[in-house]
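Coordinates in review
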Amino acid sequence: MNGGCRAGWFMWSLLWGELRAAAGPRRLRCRSAAFLSSGGDAVPPGPACGDPPGHMERAVVRCVPSEPKMSLWFVLCDGSAKHMQRDQTEPLGRALARIATNAGKGHAKAAKKSKKARAEAGPAGEPVPTAPLAVRLFSRDGESVAEDVSNAEAWQDGAVLQIGEVKYQVERNPPSVIELQLPRSLLAGFPVCPKIHTEFGAPQHCLFRWYREQPGGGGDEPSPGGASWVEAPVRDRVFTPTNAHIGLRLKLHCTPGNSQQRYGLPREVESSGPVEAGPGACTFDSRHLYTKKVSGEGLIRTVSYNVLADIYAQTEHSRTVLYPYCAPYALELDYRQNLLKKELAGYSADLICLQEVDKSVFADSLSPALDAFGLEGLFRIKEKQHEGLATFYRRDKFSLLSKHDIAFNEALVSDPLHKELRDKLAPYPLVQEKVLQRSSVLQVSVLQSTNDPSKKICIANTHLYWHPKGGNIRLIQIAVALSHIRHVTCDLYPGIPVIFCGDFNSTPSTGMYSFINSGNIAEDHEDWVSNGEEERCNMSLTHPFKLQSACGEPAYTNYVGGFHGCLDYIFIDINALEVEQVIPLPSHEEVTTHQALPSVSHPSDHIALICDLKWK
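Residues numbered from 1 in each chain as written. Predicted model: local features only at pLDDT ≥ 70, side-chain atom pairs only at ≥ 80, totals over all residues. Heavy atoms only, no water.

Applied cut-off: UniProt positions are given in the numbering used here, feature names are shortened, and annotations may be inferred rather than shown by experiment.
The name given to the protein chain in an unreviewed UniProt entry is 2',5'-phosphodiesterase 12, with the source organism recorded as Chelydra serpentina. UniProt, in the comment section headed Subcellular location (unreviewed entry), describes the protein chain in these words: "Mitochondrion matrix".

1. Structural notes on the overall build of the protein chain
Definition in use: Helix and strand labels come from DSSP, where a helix needs a run of H or I of at least four residues and a strand needs a run of E of at least two; each type is numbered from the N terminus. The buried label goes to any residue with under 20% of its type's maximum accessible area, the exposed label to any with over 50%, and the partly exposed label to all in between, with areas taken from a 1.4 Å probe on protein chains only. Contacts: residue pairs with any heavy atoms within 4.5 Å of one another. Note on areas: Shrake-Rupley with a 1.4 Å probe; residue coverage comes only from the protein chains shown.
When you go through the protein chain residue by residue, the secondary structure sums to 16 helices and 32 strands. Residues classed as buried in the protein chain amount to 54% of the 616 residues present. Taking all contacts inside the protein chain whose residues are at least 6 apart in sequence as the whole, residues at least 24 apart take part in 70%. Surface summary for the protein chain: the accessible area is close to 26,600 Å², and the carbon and sulfur share equals 51%.

2. So, the pairing of strand β32 (residues 609–615)
How we decide: Pairing between two strands is assigned when DSSP locates at least 2 bridges connecting them.
Counting buried positions along β32 gives six out of seven residues, so the element sits mostly inside the fold. Sheet topology places strand β16 (residues 299–306) next to β32; six bridges connect them, and they run antiparallel. Among the inter-strand pairings, Val303 is bridged to a residue of β32, identified as Ile610. In this sheet, β32 lies alongside strand β31 (residues 577–582) in antiparallel orientation, the contact comprising five bridges. Looking at the pairing, Glu578 lines up with Lys614 of β32.

3. A look at the packing of helix α9 (residues 333–346) against helix α10 (residues 359–372)
Geometry of a packed helix pair, given as the angle between the helix axes and the separation of the axes. To keep it simple, the criterion reads: To get an axis, fit a line to the C-alpha atoms, keeping to the stretch in contact for a helix; angles then go from 0 to 180 degrees between the N-to-C directions. Small angles under 35 degrees read as roughly parallel and large ones over 145 as roughly antiparallel, with 65 to 115 read as roughly perpendicular and the rest as oblique. By convention, the crossing between two helices is left-handed when the near helix turns anticlockwise from the far helix through less than a right angle, and right-handed when the turn is clockwise.
Viewed as axis vectors pointing N to C, α9 and α10 meet at an angle of 30 degrees, and their least axial separation amounts to 10 Å. Judged on the interaxial angle alone, α10 and α9 are roughly parallel. As α9 runs across α10, the sense of the crossing is right-handed. Where α9 approaches α10, its residues Leu333, Gln337, Leu340, Lys341, Leu344 and Ala345 are matched on the opposing element by Val361, Ser365, Leu366, Ala369 and Leu370.

4. Overview of the sheet that holds strand β4 (residues 135–138)
The six strands are arranged β3-β2-β1-β6-β5-β4 in an open sheet whose pairing can be described as mixed. Edge strands, defined here as strands with exactly one partner in the open sheet, are β3 (81–87) and β4. Going from strand to strand, the sheet's axes swing by 25 degrees on average, the running direction of each strand aside. With three bridges connecting them, strand β1 (residues 57–62) and strand β2 (residues 69–75) associate as antiparallel partners. Considered in β2, the bridge of Arg62 is made with Ser71.

Set out below in structure tokens:
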């Protein structure tokens, strides 16, 4: 079975479990608890067996063209939930015969338990035989569907399945929740962003209801586990607990939906632990005062931020050598993610370029969280690493036209664009080997304005080699990057401007910074011998762009116990873009409140750069 099939069957097996649990031992009601727990009009309830004519239960069908089988779920009047898997090409008559057999078994079982059936039993004590139940399928217009029609064609949305006297409305591929999770760590004052995956729907069209635990019982909604819950006056996808919620668990009720306002079966999830107290004031609180609202039309609020990968924060070397001043709990991923999600959400950015993003953090934390705030995410992992680059863009301002990511080492070896650089590097085998050993990547995305489709822009994001003596390696990497960006902005999309973000691991005094700003680097620049004479590699390089650091040259963007300096930049094409405003960095007092970064009030050892750009 392919990956799509496995995911589909897994999701529907979860739904099957819900239907079974919802149906339970109840006999007289056709509708299941799952159908009724939507909380109002989102999921119209089905009837009981004695409900007036015209009311129908739901028969849920999942039928995907790429898969060989379809699935059918419905609940009989004896309360038993039925799940069937049939070949899509099978004639309808066979499926109906199977439904009749299943329904007949359930009917006979119910009859045996019925007092009335026992009263009517013959001398041998056996129930009076019942006639087989008639099972038919009707199209939307009320016509009986021929039994030689294939299942895939027969089971259409809006059709009616009739089993005996009971009618079921067929819902084909309704929105469904595949996955619903709450973060493990919940802090008062910090947004709780659930992880949601849907099929035939989208998280932005789902309906949400939040609950807090009620100490001592007496809540609006009891739970099978004994807890009671009180509904919170919030119907948003994101919920921010207050100090009043400290010590209490949270519950989320999610009804999946799509853009046509069609809704499926709801799912619920409870937090694994209670809300805990937050850290108080954070370094980014004062910056949020400048970014309360999304920037206006024609402006592009851009963020570049090395968020400190968990694989680097959670090492003995990090705890004892790099960040000994940081409380151990403040280095834990769940804690830092709470701070990071609040920080990023509060910037109301249009573009966010992140470095050192763990693969799992992107998928399970940042992508779901920022999606809830209207941002679409792209991820590029480093070769042979568990972390990489992430670029997010605001959906209502931009759409993605294309991606052009590269690994520097692979591009240098195989891409004809870099033949001239390869030839220049050939006389220096030691340097060439080091460049090819590095796993650094470049993420390039071409976006189009949703308000003005004539405006396109190239967003580049990178994280260059880190070693203090690696200036020569970084010069080679940035030369590959700029050559590749030139290809995208001149050959593929002629004339579009570029925004180039990243952790360049280079201070303003380095050759790398000078090369980007001036457009050339001399063959006798001191960085060509940054790692000693043995690794000297003299060459002159040029690039055609006019780039400038949008946020200037801050005193530092990285502040740890043994080093502080400016390593991060947002370079912009000054032919097409200009700076509207730069959001001030945290004060030195804020940065050093807990000696250095990261800290209990700041999630990374770097500081985010933020600026509002506008088209010229």
